[in-house]
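Descriptive analysis of the structure
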Amino acid sequence: MKWNYTHCCLMFLALSISCAGAEITVKDELLRSAPKTILIGEMENRVLDFNPFVVKNFIDALAFEFFVRGYDVKQTPLSKNIEELVSSQSADLFITGSIFEARYGDAIEDQTSTAVQLVLHTKKNMSAGSCRIITDETLSDVRVVRRLASMCAEAIHRKVQPEK
C-alpha cells in the first residue's frame with residue numbers, strides 16, 4: 001500500500017487520540033522557588049486490576065526522570081506531616097499523588113482509562129501546584145510508565161525553573 005496524504009492524516013489523528021498530555025498549574029510561590037531537591041512521597045494506588053508494582057514503578061520512573069534533569073531526588077513513604085517531612089529531608093519540593101486505572105467494556109471491546117495526578121508541595125505551602133495526565137493506555141506497559149513519568153517531570157521542570 002502506498003501512503004498518501006489521507007493515510008498520513010489518519011495515522012496522525014489515531015496517534016494523537018491515544019497520546020496523553022500533561023496539564024500543570026502552580027502557584028506563584030513555586031514559580032519563584034527554582035527547586036533543586038525533590039522528595040517523592042506516597043502515591044495512592046487506585047488501580048482496579050491487581051498489579052502491586054504499578055505505583056512503585058511509576059515513582060521509580062519519575063525519580064529517574066527528575067534525576068536526568070539535574071535534581072537531587074529522594075523517595076520516602078508519607079510518615080509525618082508534609083512540613084516536617086520536607087524540612088527533615090531538606091527538600092525544596094515534595095510530590096505526592098494518585099494513580100488511577102480501570103478497564104471497561106465488554107468481551108469484544110475492552111478499553112482502558114488511566115489518570116496520574118501529582119500534587120506539588122513546598123516547605124511553606126502545603127499545596128503549591130498540580131500536574132495531571134489522562135490517557136487510554138495502561139501502566140502495565142513499562143514504556144507507557146516511562147513516557148508518562150517523563151512528561152510529568154518535564155512539565156514540572158519547565159514550569160518551576162526559570163529560563164536560562
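For the structure, see preceding data.
Here goes a summary of the coordinates provided. Being a predicted model, the structure only gives us computed values, none of them experimental.

Side note on the packing of helix H3 (residues 54-68) against helix H5 (residues 142-160)
The interhelical angle for the contact between H3 and H5, taken along N-to-C directions, is 45°, at an axis separation of 8 Å. Taken together, the axes of H3 and H5 lie oblique to each other. In terms of crossing hand, the pair formed by H3 and H5 is right-handed. Across from Asn-57, Phe-58, Ala-61, Leu-62, Glu-65 and Phe-66 in H3, the residues of H5 making contact are Val-145, Arg-146, Leu-148, Ala-149, Ser-150, Cys-152, Ala-153 and Ile-156.

Comments concerning the pattern of salt bridges
Here the structure, examined in full by the defined rule, presents nine salt bridges. Between Glu-44 and Arg-46 there is a salt bridge, and its shortest N-O distance comes to 3.0 Å. Put simply, Glu-65, Arg-69, Glu-154 and Arg-158 are held in one network by salt bridges that share partners.

Some remarks on H3
Taking 1.5 Å of rise per residue, 15 residues should cover 21 Å, and H3 covers 21 Å from first to last C-alpha, within 8% of that figure. Looking only at H3, the buried set comprises Val-54, Val-55, Phe-58, Ile-59, Ala-61, Leu-62, Ala-63, Glu-65 and Phe-66. Contacts from the buried residues of H3 go to strand S2 (37-47), strand S3 (72-75), strand S4 (93-105), strand S5 (110-121) and H5. Following H3 by one or two positions, Gly-70 adopts a phi angle in the positive range, close to 95°.

What about the sheet that holds S2?
Spatially, S1-S6-S5-S4-S2-S3 is the arrangement adopted by the six strands of the open sheet, whose pairing is mixed. Each edge of the open sheet carries a strand with a single partner, namely strand S1 (22-26) and S3. Each neighbouring strand pair of the sheet contributes to a mean axis angle of 20°, computed without reference to strand direction. Here S2 runs beside S3; their pairing, made up of four bridges, is parallel. Bridge pairing in S3 places Ile-40 opposite Gln-75. Sheet strands touched by H3: S2, S3, S4 and S5. Its angle to S2, the strand with the most contacts, is close to 155°.

Conventions and cut-offs
- Residues numbered from 1 in each chain as written.
- Predicted model: local features only at pLDDT ≥ 70, side-chain atom pairs only at ≥ 80, totals over all residues.
- Heavy atoms only, no water.
- Axes fitted to C-alpha atoms, helices over the stretch in contact; angles between N-to-C directions.
- Helix = DSSP H or I, 4+ residues; strand = E, 2+ residues; numbered from the N terminus.
- Parallel < 35°, antiparallel > 145°, perpendicular 65-115°, else oblique.
- Left-handed = near helix turned anticlockwise from the far one by under 90°.
- Contact = heavy atoms within 4.5 Å.
- Salt bridge = Lys/Arg side-chain N within 4 Å of Asp/Glu carboxyl O.
- Expected span 1.5 Å × (residues − 1).
- Buried < 20%, exposed > 50% of the residue type's maximum accessible area, 1.4 Å probe, protein only.
- Pairing = 2+ DSSP bridges.

By themselves, these figures tell us nothing about what the structure is for.
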